[in-house]
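Fold and contact review
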Amino acid sequence: MTFSEQLSADIALIEPALEGYLSRETHEGYDRIFEAAKYSAMAGGKRLRPVIVLEFCRLHGGDIKNALPFACALEMIHTYSLIHDDLPCMDNDDLRRGRPTCHKAFDEATAVLAGDGLLTAAFETASQADVPAETALRCIRILSENAGMNGMIGGQVLDMLAEHRRISETELRLLQKLKTGCLLRAACELGCAAAGKTDTESIEAARAYGDKLGLAFQIEDDILDIEGDEKTLGKSIGKDAASEKSTFPSLLGLDACRKLAGELTEQAVAALTPYEGRAFLETLARSLTGRRS
């Protein structure tokens, strides 16, 4: 199976599963919150994080059906973070995944609650996985640690504090390691855990791949905010310059950023050298370097 065929097959598993977890019997009056949550969650996107969950599980010989609830839970957390990130009190964006942001399509209060609902639904979904209790507990801990105040939320706080001031490259690396990198690293670790892999070598390789890929991904995102096309990206561009945020291009320049993203990508690939069946994850990492969306 080619890379494109495997990617399509993974997404074909993820999409109906995600919709299924978000489709519940509701009562008139609060069905709107399910509608808002599904509006954002089912709006498309690369599904990068859930695909990585499935592929790390496959890499270690696991049954990807066991990993699917954790993959969907992670995508719910990612979507909730986007809903909240787009709010007027944060980045105040009007466009996400090629359509109006949740607070524009509904209203601000509903968007806040839709994000809250997706975060809560993520852990409900993870708890339903048909795996040993210790595996479910390990995965829930991975989700909570990486999404919480010492993870993605901490990175979001640093991002807000970095507006309208210049920060150092060291500070920026920490910010992006938390804000973007943590959920990508979580994807790698969740796949390992779902496959029953708990040895230090496997976990460290997964973390290395996730950390390097996460930083490369963010650098490419910063480049696209300058050079990208709004229609292709499906979101607003030029937001970083408007808010006077320190970004990798503003600190290093575009040419140095392209070089660094390529180096980080190869470091991510190198972390998987000991493993057979790594071809998909290698190609995935390299496909994100120089991407246009």
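Being a predicted model, the structure only gives us computed values, none of them experimental.

1. Examining the pattern of salt bridges
- Counted according to the given criterion, the structure contains 23 salt bridges.
- A salt bridge links R32 to D107, with the shortest nitrogen-to-oxygen separation between them at 3.1 Å. One end of the pair, R32, is in helix α2 (residues 31-41); the other, D107, is in the loop between α5 (102-105) and α6 (108-127), and 75 residues separate them in sequence.
- The exposure class of R32 is partly exposed, given its relative accessible area of 36%.
- Of the charged contacts in the structure, one is a salt bridge between R286 and E266, with a shortest N-O distance of 2.9 Å. One end of the pair, R286, is in helix α15 (residues 279-287); the other, E266, is in helix α14 (residues 254-270), and 20 residues separate them in sequence.
- Exposure remark for R286: the relative accessible area of 41% places this residue in the partly exposed category.

2. Here we look at the confidence of the model for the chain
- When pLDDT is averaged along the chain, the result is 93, and 94% of the positions lie at 70 or above.
- Element-level mean pLDDT values for the chain span from 64 in helix α12 (residues 239-242) up to 98 in helix α3 (residues 48-59).

3. Describing the packing of helix α4 (residues 64-85) against helix α9 (residues 169-194)
- Where α4 meets α9, the axes come as close as 9 Å, and the angle between the chain directions of the two elements is 170 degrees. Overall, the two elements α4 and α9 adopt an arrangement that is roughly antiparallel. Contacts from N66, A67, F70, L74, I77, H78 and D85 of α4 reach α9 at K179, L183, A186, A187, L190 and A194.
- Each residue belonging to the contact of α4 with α9 can be placed in one class, and the counts come to nine nonpolar, two polar and two charged.

4. Digging into the nonpolar core
- Grouped together as the largest cluster of nonpolar side chains are 71 residues, with contacts concentrated most on I52, F56 and Y209.
- No other element matches α4, which puts twelve residues into this core.
- Residues within four places of I52 in sequence aside, it is in contact with L184, A187, C188, L213 and L284.
- In terms of nonpolar packing, the next biggest core, distinct from the first, is built from 13 residues, L172, L175, F248 and L260 among them.

5. What to know about the environment of A136
- Topologically, A136 is positioned in helix α7 (residues 133-147).
- A C-alpha to C-alpha distance of 8.0 Å links A136 and A194, two positions 58 residues apart in sequence.
- Other than its neighbours up to four places away in sequence, A136 contacts F70 and V131.

6. Let's talk about the packing of aromatic side chains
- Inspection of every chain in the model, using the stated rule, returns four aromatic pairs.
- With a centroid separation of 5.5 Å and 80 degrees between ring planes, the pair formed by Y39 and F106 is classed as edge-to-face. Remark: F106 occurs in the loop between α5 and α6 and Y39 occurs in helix α2; sequence separation between them is 67 residues. Residue Y39 shares its accessibility class with F106, and that shared class is buried.
- A ring pair is formed by F56 and Y209, whose centres lie 5.4 Å apart and whose planes are at 65 degrees; its orientation type is edge-to-face. In this pair, F56 is assigned in helix α3 and Y209 in helix α10 (residues 200-227), connecting sequence segments 153 residues apart. The same class applies to F56 as to Y209, namely buried.

7. Notes on unusual backbone geometry
- Positive phi, normally seen in glycine, also occurs at N92, with a value near 55 degrees.
- Following the sequence through the fold, N92 ends up in the loop between α4 and β1 (95-96).
- Under the relative-accessibility criterion, N92 is labelled partly exposed at 39%.

How each quantity is defined
- Residues numbered from 1 in each chain as written.
- Predicted model: local features only at pLDDT ≥ 70, side-chain atom pairs only at ≥ 80, totals over all residues.
- Heavy atoms only, no water.
- Salt bridge = Lys/Arg side-chain N within 4 Å of Asp/Glu carboxyl O.
- Helix = DSSP H or I, 4+ residues; strand = E, 2+ residues; numbered from the N terminus.
- Buried < 20%, exposed > 50% of the residue type's maximum accessible area, 1.4 Å probe, protein only.
- pLDDT = per-residue confidence, 0-100.
- Axes fitted to C-alpha atoms, helices over the stretch in contact; angles between N-to-C directions.
- Parallel < 35°, antiparallel > 145°, perpendicular 65-115°, else oblique.
- Contact = heavy atoms within 4.5 Å.
- Nonpolar A, V, L, I, M, F, W, Y, C, P; charged D, E, K, R; others polar.
- Core = buried A, V, L, I, M, F, W, Y, C linked by side-chain atoms within 4.5 Å.
- Phe/Tyr/Trp six-rings, centres within 6.5 Å; stacked < 30°, edge-to-face > 60°.

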